[in-house]
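Chains, contacts and geometry: an overview
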Amino acid sequence: MLKTEDILETIDMIQNENLDIRTVTMGISLLDCIDEDINKATTKVYDKICNKAKNLVKECEDIEKQYGIPIINKRISVTPIAMVAAATKKSPLPFAHALQRAAETCGVNFIGGYSALVHKGFSAGDIALIESIPQALSETSNICSSVNIGSTKSGINMDAVALMGKIIVESAKLTADNNCM
């Protein structure tokens, strides 16, 4: 049972202390989208994201109205694309464009997962994805990219640290006209 003082305290936090929900994130596994044909794979990725997240923004807006608390970012997070793209043996850049289209279709602020996990070492797909990050970020506006270069158990992949230093600088140069975003 809600107490009146709890309700009034929440209202005060929303009005005077700018209480909000910073982000709602929907996670989607894309492992079933793996395909040797890059066109089929990117279509599967786009279709799956749009199918699973088609109501995400609407549901968030309904929650905002119901509880009167703004939700600032509506976000999707997917399986690291390096894992999905590896089977194509081609540049993963079309996956960045598929993610961007899906973000636009679903109306989300961000879609994360243009990523690689290299803490235990590189595969050819990981390197291809990492090398494509600057171009992917310069050609899209809603995707987020990350590279896991270390963990407590496996340590830090120092080759990945060196490569990521170069990638970050290149990304900043290619996105300089957009505040390095």
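The coordinates are above.
Residues numbered from 1 in each chain as written. Predicted model: local features only at pLDDT ≥ 70, side-chain atom pairs only at ≥ 80, totals over all residues. Heavy atoms only, no water.

Let's talk about the overall build of the chain
- Helix and strand counts for the chain stand at seven helices and six strands.
- Across the chain, helices and strands are ordered from the amino to the carboxyl terminus as α-β-α-α-β-α-α-β-α-β-β-β-α.
- Over its C-alpha atoms, taken along the principal directions, the chain stretches across nearly 60 × 40 × 35 Å.
- For the chain, with 181 residues in total, the buried portion stands at 36%.
- Sequence-distant contacts in the chain: of pairs separated by 6 or more residues, those separated by 24 or more amount to 74%.
- Entry remark: accessible area of the chain is about 10,600 Å², with carbon and sulfur atoms responsible for 54%. (Helix = DSSP H or I, 4+ residues; strand = E, 2+ residues; numbered from the N terminus. Buried < 20%, exposed > 50% of the residue type's maximum accessible area, 1.4 Å probe, protein only. Contact = heavy atoms within 4.5 Å. Areas by Shrake-Rupley, 256 points an atom, 1.4 Å probe, with all protein chains shown as cover.)

Topic: the side chain of His119
- Its place among the elements puts His119 in the loop between β3 (110-117) and α6 (124-139).
- Judged by its relative accessible area of 19%, His119 falls in the buried class.

With respect to the sheet that holds β3
- Pairing within the open sheet is parallel, and its four strands lie in the order β1-β2-β3-β4. Bordering the open sheet on either side are β1 (21-28) and β4 (143-148), each of which pairs with just one other strand. Between one strand and the next, the sheet's axes are offset by a mean angle of 25 degrees, whatever the strand orientation.
- Pairing of strand β2 (residues 71-78) with β3, which is carried by three bridges, proceeds in the parallel orientation. By the bridge assignment for β3, Ser77 is matched with Gly112.
- Against the sheet, helix α2 (residues 38-52) makes contact with β1, β2 and β3, and its axis sits at roughly 130 degrees relative to β1, the strand it touches most. (Pairing = 2+ DSSP bridges. Axes fitted to C-alpha atoms, helices over the stretch in contact; angles between N-to-C directions.)

With respect to the environment of Ala124
- Within the secondary structure, Ala124 sits in helix α6.
- Along the backbone, Ala124 and Ser77 are 47 residues apart, and their C-alpha atoms lie at a distance of 23 Å.

Brief notes about the packing of aromatic side chains
- Scanning all chains against the criterion turns up zero aromatic pairs.
- Cation over ring: Arg101 sits above Tyr46, and NZ or CZ is 5.5 Å from the ring centre. (Phe/Tyr/Trp six-rings, centres within 6.5 Å; stacked < 30°, edge-to-face > 60°. Lys NZ or Arg CZ within 6 Å of the ring centre and 35° of its normal.)

Points about the environment of Lys52
- Checked against the element boundaries, Lys52 lands in helix α2.
- Its relative accessible area of 48% is what places Lys52 among the partly exposed residues.
- For the pair Lys52 and Glu64, spaced twelve residues apart in sequence, the C-alpha separation works out to 20 Å.
- Those residues in contact with Lys52, other than ones at most four positions away along the chain, are Met26 and Ile28.

A few points about a negative patch on the surface
- Together, Glu5, Asp6, Glu9 and Asp12 give the surface a local cluster of negative charge.
- Within the fold, Glu9 resides in helix α1 (residues 4-16).
- The class of Glu9 is partly exposed, set by a relative accessible area of 47%. (Patch = residues over 30% accessible without salt bridge, like charges linked within 9 Å, V, L, I, M, F, W, Y side chains within 5 Å. Salt bridge = Lys/Arg side-chain N within 4 Å of Asp/Glu carboxyl O. Lys, Arg positive; Asp, Glu negative; His and termini not counted. Charge placed at Lys NZ, Arg CZ, Asp CG, Glu CD.)

Notes on the state of the cysteines
- For the structure on display, the rule yields zero disulfides.
- Considering cysteine sulfurs only, Cys106 is the nearest to Cys50, which forms no disulfide, with 4.3 Å between them.
- Cys50 gets classed as buried once you look at its relative accessible area, which sits at 13%.
- With relative accessibility at 8%, the residue Cys106 sits in the buried group. (Disulfide = S-S within 2.5 Å.)

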